[in-house]
Amino acid sequence: MNSDPETYKVRLEIFEGPLDLLLHLIRQQEIDIHDIPIAKITDQYLNYLQMMKDLNISVAGEFLHMAATLIYIKSRTLLPPDPVASGQEESEDPRRELVEQLIEHEKFKKAAHMLYEKETVELASWPTGLNEFEEEEKETVVVTLFDLVSAFHRIVERYKEQVVMDVHHESVTLEEKLAEIRCLLKVQAQFFFSFFLQHRISRLHLVVTFLALLELVRLKEVRLFQKAPHDDIRIVAC
Amino acid sequence: MLSKETYDQIIAILFVAREPVTLRQFQEVFPALPELELVQNLSECMSEFNSLQGAVQLRQIAGGYRITTRPEHHELIREYLKTRASAKLSLAALETLAVIAYRQPITLPEIMDIRSVRGTSTIRTLLEKKLIETRGRKKEVGRPILYGTTQEFLVHFGLNDLSELPTLEEFAEIFETGDTLHLSAPESPPVSSHTTPDGDGSLPANVPSPE
Amino acid sequence: MLSKETYDQIIAILFVAREPVTLRQFQEVFPALPELELVQNLSECMSEFNSLQGAVQLRQIAGGYRITTRPEHHELIREYLKTRASAKLSLAALETLAVIAYRQPITLPEIMDIRSVRGTSTIRTLLEKKLIETRGRKKEVGRPILYGTTQEFLVHFGLNDLSELPTLEEFAEIFETGDTLHLSAPESPPVSSHTTPDGDGSLPANVPSPE
């Protein structure tokens, strides 16, 4: 293959995957896909990758994987026929799997082209649909499972941001917490410490809450019970 | 006077129009037609269309031309509007549903906390659409009601059971945008006019010509 | 058979509908009509409407009935709507979609294997455009998510159902008979004038004729 970079520039194209590049090489030279000159194609393929590297274009992993496959197939075709296997059916063509893959790939490329044509026609046809009854339509979407996951993803992302912001803005005093817990105790004679955890609160809040509880114990307003280490703490009004 | 082609073209425009189409708008679309001729065409178009059509009518409304359904069909149309699948949700309802689906059983305060939005109207909508249901009460102060998704929810999203809900991790790769795993040449041919926003190496150049 | 009144009523409904109207919906609107008669009416309605109208056409899409403008008016309509050509799917997205359409339900690793391309940006695009959807999980190790095409896919490509897609074998035959489509021939003419019909209003050879 010509290594003159000027020639390459003209030929530069975007290939989405290694099969695209291989098909291009085969088509360009009008090679019979069922009888690929594997050594020649392998060299051209590797040249192309080298050229991309020379131009500082990153080469995706799947292209390198295909390179390895091609080199393997090439090496197998160069080997003399296996004397052990020769007695049996004729040994399988090492190119077979790749050829099948290429043919399959080309079918899907044609299918994609068929879709492209259909899309072209459809994009030229506008649906009718009146707005005299439009007030019935609010800002709504037909929801798919993907919408559901996306929505949850958005919420989680938003939530993360908020937590960071809370830490900076919030301040809470021991007095406030004491008042809050006393208030709570009036409604309910006992509750668990995990109650405080259910509402998203910052570490500062949690620490102050804990200090407030200890203060209430000291003042003999509450008693704390814990069955085992790390177990939930039961808070009971005295 | 009015050619079949112009007639079809005028009607086609009126069919896709969302508002009455003004004379000025028609003039922009048919720059070759003199104003007087255009007005005549429109008027002929109107009488021809209305003599042919019993379902809809072409009328002059609010200084423009517009096709509307005839009043006698309104009741029937309302019947039709009722039949449309009510699979649509507002964005707010969708978010609430997502939180419930992934964190069920969950209480209202918890939902509002996660979404950092107050308001209970989305819960009502979801209950009405039978996408969520109550699941008893949480054993905590105030004993708030717990919510979870329904059988109807599974049916709507084509799930056999809740374990089929995709996890965030599974979609993590998909949520990441702009993965550029492709070989792309800096001197790539000028396909820019065709590149789609997903930036995945759009390449209509390779589409064979249909001929 | 088809009364003028029923004809008008059907057309009026189709006229306001934003989505293809299914037989089930028509049944709800016309509870008095037996199903067989309704189907006959719809079919008569379609042929009568299409013989009368040059501007719009009544078609069967995605298992329903729908009125759209005829493709030949697209330039004029675009002129009126002042829209640029709608964004088409990239070739990469179309290829991914083709794999999903013909092999559904299919998992992400399987898609990537067939296309020999890693990367999920096309999947994301297709999910966002609601052309594909999840279809539960495959019963194998890791229980990967399955994907399939949607109703919107049928609408987007003007198909009534999936059986209208040519079989993959049909594409293979072209291949075997040596009909060499140079899929990525560098000598192919510039894209803009060629692959989109926008330029001269001519459409690809296989414009589906309205049934």
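Residues numbered from 1 in each chain as written. Chains lettered and ligands numbered in written order. Predicted model: local features only at pLDDT ≥ 70, side-chain atom pairs only at ≥ 80, totals over all residues. Heavy atoms only, no water.

A. View of the overall build of chain A. A count of helices and strands for chain A gives ten helices and four strands. In chain A, the succession of helices and strands from N to C terminus is α-α-α-α-α-α-β-α-α-β-α-α-β-β. Counting all 238 residues of chain A, 44% fall into the buried class. Pairs at least 24 residues apart make up 60% of the contacts formed inside chain A by residues separated by at least 6 positions. A total of about 13,200 Å² of accessible surface is found on chain A, and carbon and sulfur atoms cover 56% of it. (Helix = DSSP H or I, 4+ residues; strand = E, 2+ residues; numbered from the N terminus. Buried < 20%, exposed > 50% of the residue type's maximum accessible area, 1.4 Å probe, protein only. Contact = heavy atoms within 4.5 Å. Areas by Shrake-Rupley, 256 points an atom, 1.4 Å probe, with all protein chains shown as cover.)

B. Geometry of the interface of chain C and chain A. Of the residues lining the interface, 68 residues belong to chain C; the matching set on chain A comes to 49 residues. Between chain C and chain A, the buried area comes to about 5,600 Å², and carbon and sulfur atoms account for 64% of it. For the interface between chain C and chain A, the tally reads five salt bridges. Across the pair A:E122 and C:R59 runs a salt bridge whose closest N-O atoms are separated by 2.6 Å. Between the two partners, chain C and chain A, sit eleven residue pairs in polar contact (both at pLDDT 80 or more). The dominant element in the side of chain C that touches chain A, judged by the number of residues it contributes, is helix α5 (residues 91-103) of chain C, at eight residues. Broken down by class, the residue content of the side of chain C that touches chain A amounts to 39 nonpolar, 15 polar and 14 charged. (Buried area = accessible area lost by both parts, 1.4 Å probe. Salt bridge = Lys/Arg side-chain N within 4 Å of Asp/Glu carboxyl O. Polar contact = N/O pair within 3.5 Å; in protein donor to acceptor, adjacent residues only side chain to side chain. Nonpolar A, V, L, I, M, F, W, Y, C, P; charged D, E, K, R; others polar.)

C. Quick peek at the sheet that holds strand β2 (residues 190-192) of chain A. All names here are of chain A. One open sheet accounts for three strands, arranged β2-β4-β3; its pairing is antiparallel. The sheet terminates laterally at β2 and β3 (222-226), the two strands that pair on one side only. For this sheet, the mean angle separating the axes of adjacent strands, direction not counted, is 20 degrees. Of the strand pairs in this sheet, β2 and strand β4 (residues 233-237) are connected by three bridges, and their pairing is antiparallel. The residue of β4 that forms the bridge with F191 is I235. Against the sheet, helix α10 (residues 203-218) touches β3 and β4, its axis set at about 115 degrees to β3. (Pairing = 2+ DSSP bridges. Axes fitted to C-alpha atoms, helices over the stretch in contact; angles between N-to-C directions.)

D. Representation of the confidence of the model for chain A within the structure. Summary statistics for chain A give a mean pLDDT of 78 and a share of 76% for residues scoring 70 or more. Across chain A, the element-wise mean pLDDT spans from 44 in helix α1 (residues 5-11) of chain A up to 90 in helix α6 (residues 96-123) of chain A. (pLDDT = per-residue confidence, 0-100.)

E. Geometry of the packing of helix α2 (residues 18-28) of chain A against helix α4 (residues 61-78) of chain A. All names here are of chain A. Viewed as axis vectors pointing N to C, α2 and α4 meet at an angle of 55 degrees, and their least axial separation amounts to 9 Å. Classified by the angle their axes make, α2 and α4 are oblique. Residues P18, L19, L21 and L22 of α2 lie in contact with α4, whose contacting residues are E62, F63, M66 and L70. For the contact of α2 with α4, the residue count by class is seven nonpolar, no polar and one charged. (Parallel < 35°, antiparallel > 145°, perpendicular 65-115°, else oblique.)

F. Region of interest: the pattern of salt bridges. For the structure on display, the rule yields 32 salt bridges over all chains. Residues A:E221 and A:R182 are paired through a salt bridge, measuring 2.9 Å at the closest nitrogen-oxygen approach. A residue pair is termed long-range when its members are at least 10 positions apart, and A:E221 in the loop between α10 and β3 and A:R182 in helix α8 (residues 174-187) qualify at 39 residues. For A:E221, a relative accessible area of 27% puts it in the partly exposed group. Salt bridges sharing partners connect three or more residues here, namely A:E16, A:D20, A:K109, C:E95 and C:R115.

G. Structural context of the environment of C:E72. By secondary structure assignment, the location of C:E72 is in the loop between β3 (64-69) and α4 (74-81). Taking the relative accessible area as the measure of exposure, C:E72 reaches 51% and is therefore exposed.

H. Region of the structure containing the side chain of A:K107. Along the chain, the position of A:K107 falls in helix α6. Its relative accessible area of 14% is what places A:K107 among the buried residues. Residue contacts for A:K107: discarding those within four places in its chain leaves C:L168, C:F171 and C:A172.

I. Geometry of the sheet that holds strand β1 (residues 21-22) of chain B. All names here are of chain B. The sheet built from three strands is open, its strands ordered β1-β3-β2 with antiparallel pairing. This sheet does not close on itself; its edge strands, each paired only once, are β1 and β2 (56-61). In terms of strand pairing, β2 meets strand β3 (residues 64-69) through six bridges, oriented antiparallel. Across the sheet, residue V56 finds its bridge partner in β3, namely T69. Of the strands in this sheet, β2 and β3 touch helix α3 (residues 35-52), which is tilted by about 150 degrees from β2.

J. Representation of the confidence of the model for chain B in the model. Residues and elements named next belong to chain B. Averaged over every residue, the pLDDT of chain B is 80; residues scoring 70 or more account for 82%. Counted against residues more than four places away or in other chains, residues 178-211, with its pLDDT under 50, gives 80 contacts. Scored as a whole, the predicted complex attains pTM 0.69, and scored at its interfaces, ipTM 0.70.

K. Main features of the side chain of C:Q25. Tracing the backbone through its elements, the reader meets C:Q25 in helix α2 (residues 23-29). With residues up to four places along the chain from it excluded, the contact list for C:Q25 reads B:Y80, B:T83, B:R84 and C:P20.

L. Local environment of the nonpolar core. One finds A:L148, B:F153 and C:F153 to be the most contacted residues of the largest nonpolar core, which totals 72 residues. Beyond its immediate chain neighbours, meaning those up to four positions away, A:L148 contacts B:L94, B:L97, B:A98, B:A101, B:Y102, B:F153, B:F157 and B:L165. Of all hydrophobic cores here, the second largest spans 57 residues; its members include B:L58, B:L81, C:L14 and C:V29. (Core = buried A, V, L, I, M, F, W, Y, C linked by side-chain atoms within 4.5 Å.)

M. Broad picture of a nonpolar patch on the surface. Residues and elements named next belong to chain A. A contiguous nonpolar surface patch, about 450 Å² in accessible area, is contributed by V207, F210, L211, L214, V217 and L224. Top element by residues in the nonpolar patch is α10. It accounts for five residues. Positionally, V207 belongs in helix α10. Among the residues examined, V207 registers a relative accessible area of 44% and is labelled partly exposed. (Patch = residues over 30% accessible without salt bridge, like charges linked within 9 Å, V, L, I, M, F, W, Y side chains within 5 Å.)

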